[in-house]
Protein chains: 2
Amino acid sequence: MIEWIVGFNMKDNILSYKAINFEEKLSLFSEQWSPKVIAEMNDYQIKVAKIEGEFEWHAHQDTDETFIVLDGRLKIEFRDGHVDLQSGEMYVVRQGVEHKPVADGEVKILLIEPRGVINTGDNATDARTAENDVWI
Amino acid sequence: MIEWIVGFNMKDNILSYKAINFEEKLSLFSEQWSPKVIAEMNDYQIKVAKIEGEFEWHAHQDTDETFIVLDGRLKIEFRDGHVDLQSGEMYVVRQGVEHKPVADGEVKILLIEPRGVINTGDNATDARTAENDVWI
């Protein structure tokens, strides 16, 4: 529950005012396809994740989803095309749009989406479904 | 209205799937303290801004505000302390918390906040109030 306590304290500024450093957060875990929450803004969460290989097709019926690439190259496939993202680039996948993230090498990303969004979207929970609301 | 049209098209994916590149967007303007919208996610906007010098004390009573530093160094002063941010770092200023951004040199930042948030917060509109919802 350490993550939760730290998150709670940051949220209420009980701790000293401390920057959230993306590299530092990313150095704390190695699992891929397992987003970790690093901050909350209102009812939205900002997460870091490491991804590599192909994810599964999915959509989020209730929300847009923002991808920001910190390091590496990410392709997001759509049924009728794709977008290529590298460090310093972002894309917002619209609500309801089927997409599949694909990365040839490991990519480090920021995800921004409402609290409670599941990584596999509207698919039934499956092997690729990550635990939600895990702080780091 | 070019900005609006491009924003609209990106939102509805009428244009081809194109990454949003922070450096490219930042190269399109030089005004400081004048955030430009580069993307929308649900009812939130992601903005780029160039800032230098001292802003004014203000607070946003209705929302948190996320600062991500892309380049340079940013200090956010609070009434009882401050946080120092550099490239690759972020901070979420909580709803209602008085703050004053300060930058010795020019800093390039991302701002994430709900559509409609005014840069000078709850202060009466003043000389520092930037035009809102300006796309680039």
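It should be noted that the structure appears before, not after, this text.
Residues numbered from 1 in each chain as written. Chains lettered and ligands numbered in written order. Predicted model: local features only at pLDDT ≥ 70, side-chain atom pairs only at ≥ 80, totals over all residues. Heavy atoms only, no water.

**Digging into unusual backbone geometry**
Of note, Asp133(A) is a non-glycine position whose phi angle comes to about 60°, a positive value. Positionally, Asp133(A) belongs in the segment after β8 (99-114). (Helix = DSSP H or I, 4+ residues; strand = E, 2+ residues; numbered from the N terminus.)

**Focus on the side chain of Asn119(A)**
All names here are of chain A. Within the secondary structure, Asn119 is located in the segment after β8. Here the side chain of Asn119 touches Ala130 through a polar contact of 2.9 Å, landing on its backbone nitrogen. When neighbours within four sequence positions are excluded, Asn119 is seen to be in contact with Trp33, Phe55, His58, His60, Arg128, Thr129 and Ala130. (Polar contact = N/O pair within 3.5 Å; in protein donor to acceptor, adjacent residues only side chain to side chain. Contact = heavy atoms within 4.5 Å.)

**Regarding the pattern of salt bridges**
All names here are of chain B. According to the stated counting rule, one finds 16 salt bridges over all chains in the structure shown. Across the pair Glu31 and Lys36 runs a salt bridge whose closest N-O atoms are separated by 2.8 Å. Assessed through its relative accessible area of 38%, Glu31 is described here as partly exposed. By relative accessible area, Lys36 is classed as buried at 7%. (Salt bridge = Lys/Arg side-chain N within 4 Å of Asp/Glu carboxyl O. Buried < 20%, exposed > 50% of the residue type's maximum accessible area, 1.4 Å probe, protein only.)

**Observations concerning the interface of chain A and chain B**
In this assembly, 38 residues from chain A lie in contact with 38 residues from chain B. The junction of chain A with chain B conceals about 3100 Å² of combined surface from both sides, 56% of it contributed by carbon and sulfur atoms. Remark: the boundary between chain A and chain B carries zero salt bridges. One can count 16 residue pairs in polar contact (both at pLDDT 80 or more) joining chain A with chain B. (Buried area = accessible area lost by both parts, 1.4 Å probe.)

**Structural notes on the side chain of Asp64(A)**
Here Asp64(A) is to be found in the loop between β3 (44-54) and β4 (65-71). Residue class for Asp64(A) comes out buried when judged on its relative accessible area of 3%. Within the structure, the side chain of Asp64(A) is placed 2.8 Å from the side chain of Arg94(A), a separation counted as a polar contact. Within the structure, Asp64(A) has its side chain in polar contact with the backbone nitrogen of Asn42(B) (distance 2.7 Å).

**Observations regarding the pairing of β3(A)**
All names here are of chain A. The buried fraction of β3 amounts to eight of the eleven residues, a majority that puts the element mostly inside the structure. With five bridges joining them, strand β2 (residues 36-41) and β3 adopt antiparallel strand pairing. Residue pairing in the sheet places Lys36 in a bridge with Val48 of β3. Here β2 folds back onto β3, and the loop between the two strands holds two residues, one of which, Asn42, carries a positive phi near 55°. Bridge count between β3 and β8: ten bridges; the pairing is antiparallel. Bridged to Lys47 within β8 is Leu111. (Pairing = 2+ DSSP bridges.)

**Observations regarding the relation of the copies chain A and chain B**
For the pair chain A and chain B, the relating rotation is 180°, the translation along its axis is 0.0 Å, and the fit reaches an RMSD of 0.0 Å. On the angle and the small slide along the axis, the relation comes out as a two-fold axis. Counting the interface residues of chain A, we find that 100% of their copies in chain B are interface residues as well, pointing to one common contact surface. (Least-squares fit on C-alpha atoms with pLDDT ≥ 70 in both.)

**Concerning the nonpolar core**
Grouped together as the largest cluster of nonpolar side chains are 32 residues, with contacts concentrated most on Ile38(A), Met90(A), Leu110(A), Ile38(B), Met90(B) and Leu110(B). Other than its neighbours up to four places away in sequence, Met90(A) contacts Thr66(A), Phe67(A), Ile68(A), Leu85(A), Ala19(B), Ile20(B), Phe22(B), Ile38(B), Ala39(B) and Ile46(B). (Core = buried A, V, L, I, M, F, W, Y, C linked by side-chain atoms within 4.5 Å.)

**Quick look at a negative patch on the surface**
Residue and element names in this part refer to chain A. Among the surface-exposed residues, Glu23, Glu52, Asp71, Asp104 and Glu106 lie close enough to one another that they form a single negatively charged patch. Along the chain, Asp104 turns up in strand β8. Since its relative accessible area comes to 79%, Asp104 is described here as exposed. (Patch = residues over 30% accessible without salt bridge, like charges linked within 9 Å, V, L, I, M, F, W, Y side chains within 5 Å. Areas by Shrake-Rupley, 256 points an atom, 1.4 Å probe, with all protein chains shown as cover. Lys, Arg positive; Asp, Glu negative; His and termini not counted. Charge placed at Lys NZ, Arg CZ, Asp CG, Glu CD.)

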